[in-house]
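# Analysis of the macromolecular model
Below are the chains, spelled out letter by letter.
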Amino acid sequence: MSQKNWPYPHIVAHRGGGKLAPENTLAAIDIGAKYGHLMIEFDAKLSNDAQIFLLHDDTLDRTSNGWGIAGELSWDKLAKLDAGSWFSRDFNGEPLALLADVAARCRQHQMMANIEIKPTTNSEIETGRAIAQAAAQLWQGQTAPLLSSFSYEALEAAMQVEPELPRGLLLHSWDKQWQEKTTALDCVSIHLNHKVLSAARVAELKAAGLRILAYTVNNPERARALLKWGVDAICTDRIDIIGPDFT
Ligand code: G3P
Ligand code: MG
């Protein structure tokens, strides 16, 4: 695999604002921008009426005042939920965010995006396809958003509809089939749990022509070591101490 275009910075704010704001909301994106971040990561999925919105978990319980499987609800119900007050009262009433509004906010702050496709179980293909199509349209004229997913099927569906959008395969643990999978998906990058990375593995992945994003790195010493080994991007919750100028 040859080296592909990689316009992304070396630090990425996890879920918009890391641990400083309710994850995956517009308020989080504003906090990421306030700390000067040039790129954010966030998790996106489908409502039951095919609207794309941001949420990490399958269920609403942890990060909103709703409950149950989020993907089983229509957007008009999801839009009424409070996704801020679980975090702190300063964010009372912060709603769930639609991908279209997130794209507009990224454009406003001139931030790049890593869209993690986080499908509700059994809607991997539909979600991968819908998010890739929407992303291509919403980010037109800007740096292409980097699509990533733990779901091979979702990335494959994204590739089929929008082959030009860059893709990164997410892995929580070391997968001996990483090369076969990233080649089949024509990935520009591999996004790995930093705990499974070593200097030797970084060298192996780089030799295969892949860019590497390590998540979620909250210790500056660890971030420094990973970057020294050749990791291309660090995804962090500590957006305050691992900032855009981090070295
Ligand atoms: O994309 C990096 C990271 O967000 C993957 O894990 O569970 O935080 O979405 P998770
Ligand atoms: Mg994520």
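Residues numbered from 1 in each chain as written. Chains lettered and ligands numbered in written order. Predicted model: local features only at pLDDT ≥ 70, side-chain atom pairs only at ≥ 80, totals over all residues. Heavy atoms only, no water.

With that settled, consider unusual backbone geometry. Residues other than glycine seldom take positive phi values, yet Arg15 does so here, at roughly 55 degrees. Among the structural elements, Arg15 can be located in the loop between β1 (11-13) and α1 (26-34). The exposure class assigned to Arg15 is buried, which follows from its relative accessible area of 16%. Its identity as a non-glycine residue notwithstanding, Asn122 has a phi of 75 degrees, on the positive side. (Helix = DSSP H or I, 4+ residues; strand = E, 2+ residues; numbered from the N terminus. Buried < 20%, exposed > 50% of the residue type's maximum accessible area, 1.4 Å probe, protein only.)

Moving on to helix α5 (residues 152-161). Ala154, Leu155, Ala157, Ala158 and Met159 are the residues of α5 that are buried. Structurally, α5 contributes buried residues whose contacts are with β4 (112-117), α4 (124-138), β5 (146-149), β6 (167-171) and α6 (178-184). (Contact = heavy atoms within 4.5 Å.)

Turning to the nonpolar core, a few remarks are in order. Phe42, Leu99, Val102, Ile115, Trp139 and Leu147 are the most contacted members of the largest nonpolar core, which totals 33 residues. Among the elements that take part in this core, α1 stands out by supplying five residues, more than any other. Here Leu99 is in contact with Phe42, Ile52, Phe53, Leu54, Ile115, Ala134, Leu138 and Trp139, once residues within four sequence places are set aside. Of all hydrophobic cores here, the second largest spans 25 residues; its members include Leu192, Val202, Leu205 and Phe246. (Core = buried A, V, L, I, M, F, W, Y, C linked by side-chain atoms within 4.5 Å.)

Moving on, we come to the pattern of salt bridges. Tallying each qualifying case throughout the model produces ten salt bridges. A salt bridge links Arg15 to Glu23; the nearest nitrogen and oxygen atoms lie 3.0 Å apart. For Glu23, a relative accessible area of 10% translates into the label buried. With its nearest N and O atoms 2.6 Å apart, the salt bridge here joins Arg224 to Glu221. (Salt bridge = Lys/Arg side-chain N within 4 Å of Asp/Glu carboxyl O.)

Take the side chain of Asp82 next. Within the secondary structure, Asp82 sits in the loop between α2 (75-78) and α3 (99-109). At a separation of 2.7 Å, a polar atom in the side chain of Asp82 contacts the main-chain amide nitrogen of Gly84. When near neighbours in sequence (up to four residues on either side) are disregarded, Asp82 contacts Thr63, Ser64, Asn65, Phe91, Asn92, Gly93 and Glu94. (Polar contact = N/O pair within 3.5 Å; in protein donor to acceptor, adjacent residues only side chain to side chain.)

The next thing to look at is the side chain of His37. Its place among the elements puts His37 in the loop between α1 and β2 (39-46). Within the local environment of His37, its side chain forms a polar contact with the backbone oxygen of Ile239, the two atoms lying 3.0 Å apart.

Side-chain alternation along strand β9 (residues 233-236) places Ala233 and Cys235 on one buried face and Ile234 and Thr236 on a second face that is also buried. Across three bridges, β1 lies against β9 in parallel orientation. Opposite Ile11, over in β9, you have Ile234 as the bridge partner. When strand β8 (residues 211-215) meets β9, the two strands line up parallel, connected through two bridges. Note that in β9 the partner of Ala214 across the bridge is Ile234. Each parallel crossover has a hand, and the one from β8 via helix α8 (residues 220-229) to β9 is right-handed. (Pairing = 2+ DSSP bridges. Right-handed = clockwise from strand over helix to strand, strands pointing away.)

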